[in-house]
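Chain and residue survey
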Amino acid sequence: MSRADQFAPLEPELQARWDRFGHWERTYYPTLLGLVVEEVRHGYSRMRLPHRPELEQPMGIVHGGVYAALAETLASMGTARVVMREGKGAMGMSNLTTF
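1. Focus on the pattern of salt bridges
Under the counting rule described, the total for this entry stands at seven salt bridges. Salt-bridge contacts for Glu39 lead to Arg46; the nearest nitrogen and oxygen are separated by 3.5 Å. Accessibility expressed as a relative area gives 26% for Arg46, which makes it partly exposed. Salt bridges here are not isolated pairs; linked through shared partners, they connect Asp5, Glu38, Glu39, Arg41, Arg46 and Arg48.

See below:
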């Protein structure tokens, strides 16, 4: 069940930008991992990361760095939604992940 309906939709121009996420001319890290944007709204982002064996560590579970990358990407998306309106970009500056 999604909480997305509780958040306002993006303006069409901004939504069009997010609809292109992962559909770039070259492969960037989010595409390499397989991150898929499901929905982006003001104050809300949802992604998924389909499981595949290459994301596992030798003990047979998903590598913690995969989860950290997913969290960092979502945080950067949230920041980008705000600063893109001002013509600026966003990038992760710090990420502390505890398992």
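Having seen the structure, we can now continue with the description.
2. What about the packing of aromatic side chains?
For the structure shown, the criterion picks out four aromatic pairs. Where Phe7 meets Tyr44, the ring centres are 5.3 Å apart and the plane angle is 25°; that geometry is what we call stacked. Linking Phe7 in the segment before helix H1 (12–19) with Tyr44 in strand E2 (residues 44–48), this pair joins segments that are 37 residues apart in sequence. In this pair, the class of Phe7 matches that of Tyr44, namely buried. Relative to Trp24, the ring of Phe21 lies with its centre 5.0 Å away and its plane at 70°, an arrangement referred to as edge-to-face. We classify Phe21 as buried; its relative accessible area is 15%. Judged by relative accessible area, Trp24 falls into the partly exposed class, the value being 33%. A network of ring pairs unites the aromatic residues Trp18, Phe21, Trp24 and Tyr28 as a single cluster.

3. Focus on the pairing of strand E1 (residues 36–41)
Pairing geometry for E1 and E2, over five bridges, is antiparallel. By the bridge assignment for E2, Glu39 is matched with Arg46. The loop that links E1 with its antiparallel partner E2 comprises two residues; one of these, Gly43, has a positive phi angle of about 80°.

The rules we used
Residues numbered from 1 in each chain as written. Predicted model: local features only at pLDDT ≥ 70, side-chain atom pairs only at ≥ 80, totals over all residues. Heavy atoms only, no water. Salt bridge = Lys/Arg side-chain N within 4 Å of Asp/Glu carboxyl O. Buried < 20%, exposed > 50% of the residue type's maximum accessible area, 1.4 Å probe, protein only. Phe/Tyr/Trp six-rings, centres within 6.5 Å; stacked < 30°, edge-to-face > 60°. Helix = DSSP H or I, 4+ residues; strand = E, 2+ residues; numbered from the N terminus. Pairing = 2+ DSSP bridges.

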